[in-house]
Amino acid sequence: MSRTRTAFALGLAAAAALTAASATATAAPLPAAGSTTVTPAGHAFKAALSGKATLKAGSVTVTCTVSVSTGSVPAAPGNQNPAGPVSSPISPPTYSSCTTSMPGVSATVTTSGSWAVSMQNGSPVTATMTVPAGGLVVQTSGLASCTVTAAPGGAASAPGTWTNGAPSSLTFTNATVPVTVTGGFGCPTSATTSTFNAVYKVTDTTDPSQQITVTS
């Protein structure tokens, strides 16, 4: 066999090996989720904003300094999952004292529907907030009248992290949620996603001497 044909054959063999390896890697199952326990079982909690929350769509950023949501840890044995996250329904978070990055434009945030948060033990502990379809709407007024609707096509997930502590905290860093934006001049109507940043301190309201904790 000529040197050219040999090199060509070797190249084909190498390509085939890479393709097979890629297919094997793609087909490999994802690692199973570990066990999760949220305590104290059955206790009510409050998540209160620490600092500020920002929602950015296109070039417009809405900043709120007050936000609160409440919920309850599932009663035993629902507060434990041997192979996955533990989910809790929460009240629609309220947002107030909101401003915008646009001069002469104010904002109001309204929420509705069935919200939830789920925790998965790990390093770090992950937390996912479920935003129901159309469950968060930002309305601006003043020099620009815009409406930003989150999760317009169905429920969406905002990924975050959980840190055990006194109190424990729930952090969202550049969490992306789909949105639609309508309005006239100055409205970011081409935006299809919004980024969300916030830190919530989570306290046990059933027994303030205890802490809401996520473990294996």
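Residues numbered from 1 in each chain as written. Predicted model: local features only at pLDDT ≥ 70, side-chain atom pairs only at ≥ 80, totals over all residues. Heavy atoms only, no water.

> Give me the overall build of the protein: which residues, what numbers.
Along the backbone of the protein there are 1 helix and 16 strands. Residues counted as buried form 37% of the 216 residues belonging to the protein. When contacts within the protein are restricted to residue pairs at least 6 apart in sequence, those whose partners lie at least 24 apart make up 67%. As displayed, the protein has an accessible area near 10,900 Å², and 62% of this comes from carbon and sulfur atoms. (Helix = DSSP H or I, 4+ residues; strand = E, 2+ residues; numbered from the N terminus. Buried < 20%, exposed > 50% of the residue type's maximum accessible area, 1.4 Å probe, protein only. Contact = heavy atoms within 4.5 Å. Areas by Shrake-Rupley, 256 points an atom, 1.4 Å probe, with all protein chains shown as cover.)

> I'd like a description of the confidence of the model for the protein, backed by residues and values.
Taken over all residues, the pLDDT of the protein has a mean of 89, while the share at 70 or more is 85%. Every residue in residues 1-28 is under pLDDT 50, and counting partners more than four places away or in other chains gives 1 contact. (pLDDT = per-residue confidence, 0-100.)

> Give me the lowdown on unusual backbone geometry, citing residues and values where you can.
With an omega dihedral of 0°, the bond running from alanine 76 to proline 77 counts as a cis peptide bond. Examined against the element boundaries, proline 77 turns out to sit in the loop between strand 4 (60-72) and strand 5 (80-81). Here the amide bond leading from serine 123 into proline 124 is cis, since omega sits at 5°, within 30 degrees of zero. Inspection of the secondary structure puts proline 124 in the loop between strand 9 (115-120) and strand 10 (125-131). At alanine 151, a position not held by glycine, the phi torsion is positive, near 50°. Inspection of the secondary structure puts alanine 151 in the loop between strand 12 (146-150) and strand 13 (156-163). Positioned with a positive phi, asparagine 174 is a non-glycine residue whose angle comes to about 50°. By the secondary structure assignment, asparagine 174 is in strand 14 (residues 168-183). We classify asparagine 174 as partly exposed; its relative accessible area is 49%.

> Explain the state of the cysteines to me, using residue names and the numbers behind them.
One pass over the full model with this rule turns up 2 disulfides. There is a disulfide in this structure between cysteine 64 and cysteine 98, and the S-S distance comes to 2.0 Å. Taking the sign of the S-S torsion, about 105° here, the bridge from cysteine 64 to cysteine 98 comes out right-handed. Of this pair, cysteine 64 sits in strand 4 while cysteine 98 sits in strand 7 (residues 94-100), and the two are 34 residues apart along the sequence. Taking the relative accessible area as the measure of exposure, cysteine 64 reaches 0% and is therefore buried. Each sulfur of the disulfide joining cysteine 146 and cysteine 187 lies 2.0 Å from the other. In this structure the cystine formed by cysteine 146 and cysteine 187 twists about its S-S bond by roughly -90°; its chirality is therefore left-handed. Here cysteine 146, found in strand 12, pairs with cysteine 187, found in the loop between strand 14 and strand 15 (193-204); they are 41 residues apart in sequence, far enough to count as distant. (Disulfide = S-S within 2.5 Å.)

> Tell me about the nonpolar core, and please be specific about residues and values.
Judged by nonpolar contacts, the single largest core of 50 residues is most densely connected at Tyr95, Trp162, Phe196 and Tyr200. If you tally residues by element for this core, the top one is strand 14, at 6 residues. Those residues within four positions of tyrosine 200 in sequence are excluded, and the remaining contacts are Ala47, Ala48, Leu49, Ser50, Ser67, Tyr95, Ser168, Ser169, Leu170 and Phe172. (Core = buried A, V, L, I, M, F, W, Y, C linked by side-chain atoms within 4.5 Å.)

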